[in-house]
Amino acid sequence: MTAANETFASDIPIPDEVADNIFITTIDKIYNWSRRNSLWPLGFGLACCAIEMICTAASRYDLARFGMEVFRASPRQADVMIVSGTVTKKMIPTIVRLYNQMPEPRYVLSMGACSNGGGPFKEGYNVVDGVDKLLPVDVYVPGCPPTPQALIYGLMTLQEKISQQSIRSVPWYQKGSPGEVVPIPVLGPDLVDLRQIDLIRENSVGSMPEEAESVSQPSESTETTDEPTSA
């Protein structure tokens with residue numbers, strides 16, 4: 001039995017003379033089958049994990065078997081963002097901007113320990129401890145760096161996730177749903193997630209009265225006088 005026959009298997013009997021030309025299936029199955037076998041990754045890399053991603057796209061591992069060999073240079077033509085490497089605070093605003101430019105449906109695959117949770121650089125002052133702090137991640141691939149086989153397994157896991165989706169429930173087909181837009185974080189003295197600005201403001205305002213009180217009250221040893229001083 002071919003892969004197509006397994007995908008479109010049905011309990012409804014089909015006459016033998018037309019069995020090779022007719023498939024009875026559901027809209028969800030044929031829709032997911034076509035999408036999961038034509039995923040186009042975004043062609044960018046961050047660190048050493050990107051070298052393994054490049055190896056995966058070469059002829060030895062043949063991503064064309066999965067329909068994923070077309071790495072796109074534009075996020076507007078890509079379906080999958082493979083975050084391959086260390087995510088720094090300087091780079092994350094650009095990553096979020098690229099994600100927002102990708103059309104729905106879009107998926108994020110976090111590749112390697114650094115992208116998953118900071119890796120060996122987790123305590124670094126300039127490192128984001130996980131890209132999922134700002135982007136919704138669909139599949140995590142562990143390793144430092146992961147092998148091409150591990151990345152292929154992660155992409156196959158993403159295919160399985162796509163196979164479970166339904167046109168009736170996916171958010172990008174819901175009426176009045178514009179899709180998720182992640183605010184681009186602001187890089188200042190530290191990285192500021194604008195989705196948490198209310199919480200940051202609340203915590204800042206809550207700590208202000210104590211500071212203001214300590215500043216407004218003069219110390220007991222300080223004495224004031226209105227008498228003029230002699231020259």
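Residues numbered from 1 in each chain as written. Predicted model: local features only at pLDDT ≥ 70, side-chain atom pairs only at ≥ 80, totals over all residues. Heavy atoms only, no water.

As a further point, take helix α6 (residues 148-163). The first and last C-alpha atoms of α6 sit 23 Å apart over 16 residues, in line with the 22 Å expected at 1.5 Å per residue. Three or more residues of α6 are buried, namely P148, L151, I152, G154, L155, L158, Q159 and I162. For α6, the angular spread of buried residues about the axis comes to 155°, placing them on one side. Seen from the buried face of α6, the exposed residues on the opposite side, beyond 90 degrees, are Y153 and E160. Buried residues belonging to α6 abut α2 (27-36), α3 (49-57), β1 (80-84), β2 (107-111) and β3 (139-141). (Helix = DSSP H or I, 4+ residues; strand = E, 2+ residues; numbered from the N terminus. Expected span 1.5 Å × (residues − 1). Buried < 20%, exposed > 50% of the residue type's maximum accessible area, 1.4 Å probe, protein only. Arc of directions from axis to C-beta. Contact = heavy atoms within 4.5 Å.)

Looking now at the packing of α3 against α6. Two numbers describe how α3 lies on α6: the axes approach to 9 Å, and their chain directions differ by 75°. The pairing of α3 with α6 is recorded here as roughly perpendicular in orientation. Two secondary-structure elements touch here, α3 through E52, M53, C55 and T56 and α6 through P148, L151 and I152. Per-class residue counts for the contact of α3 with α6 are 5 nonpolar, 1 polar and 1 charged. (Axes fitted to C-alpha atoms, helices over the stretch in contact; angles between N-to-C directions. Parallel < 35°, antiparallel > 145°, perpendicular 65-115°, else oblique. Nonpolar A, V, L, I, M, F, W, Y, C, P; charged D, E, K, R; others polar.)

Tallied over the entire structure, the rule returns 1 aromatic pair. Ring geometry for Y107 against W172: centres 6.4 Å apart, planes inclined by 85°, an arrangement best described as edge-to-face. Residue Y107 is found in strand β2, and its partner W172 is found in the loop between α6 and β4 (186-187); the two are separated by 65 residues along the sequence. If you follow R106 out to its NZ or CZ, it ends over the ring of Y99, 4.1 Å from the centre. (Phe/Tyr/Trp six-rings, centres within 6.5 Å; stacked < 30°, edge-to-face > 60°. Lys NZ or Arg CZ within 6 Å of the ring centre and 35° of its normal.)

All right, on to the confidence of the model for the protein then. Low-confidence regions, as indicated by low pLDDT, have predicted coordinates that should not be scrutinised in detail. Here the protein averages 83 in pLDDT, and 82% of its residues register 70 or above. Across the protein, the secondary-structure element scoring lowest on mean pLDDT is helix α1 (residues 3-7), at 57, and the one scoring highest is β3, at 96. (pLDDT = per-residue confidence, 0-100.)

So, on to the side chain of R106. Topologically, R106 is positioned in the loop between α4 (92-101) and β2. Of the residues examined, R106 reaches a relative accessible area of 8% and is grouped as buried. Within the local environment of R106, its side chain forms a polar contact with the backbone oxygen of Y99, the two atoms lying 2.7 Å apart. Within the local environment of R106, its side chain forms a polar contact with the side chain of E104, the two groups lying 3.4 Å apart. In contact with R106, other than residues within four places in its own chain, are D79, Y99, N100, D138, E180 and V181. (Polar contact = N/O pair within 3.5 Å; in protein donor to acceptor, adjacent residues only side chain to side chain.)

Working definition: the strands of a sheet are paired by backbone hydrogen bonds and lie parallel or antiparallel to each other. Spatial ordering of the open sheet is given by β1-β2-β3, a layout of 3 strands whose pairing is parallel. In this open sheet, the two strands that pair with only one neighbour each are β1 and β3. The sheet shows a mean angle of 20° between the axes of neighbouring strands, direction not considered. Bridging between β2 and β3 involves 3 bridges; their strand directions are parallel. (Pairing = 2+ DSSP bridges.)

So, about the packing of α2 against α6. At a minimum axis separation of 9 Å, α2 and α6 run at an interaxial angle of 155°. The pairing of α2 with α6 is recorded here as roughly antiparallel in orientation. Note that α2 runs across α6; the crossing there is right-handed. Of α6, the residues touching α2 (which contributes N32, R35 and R36) are Q159, I162 and S163. Its residues assigned to classes, the contact of α2 with α6 shows 1 nonpolar, 3 polar and 2 charged. (Left-handed = near helix turned anticlockwise from the far one by under 90°.)

Glancing now at the nonpolar core. By size, the foremost hydrophobic cluster in this structure holds 22 residues, and its most contacted members are L39, I82, L109, M111, L151, L155 and L158. Residue contacts for L109: discarding those within four places in its chain leaves M81, I82, V83, V139, V141, L151, G154 and L155. Grouped together as the second largest cluster of nonpolar side chains are 18 residues, M81, V83, Y99 and V131 included. (Core = buried A, V, L, I, M, F, W, Y, C linked by side-chain atoms within 4.5 Å.)

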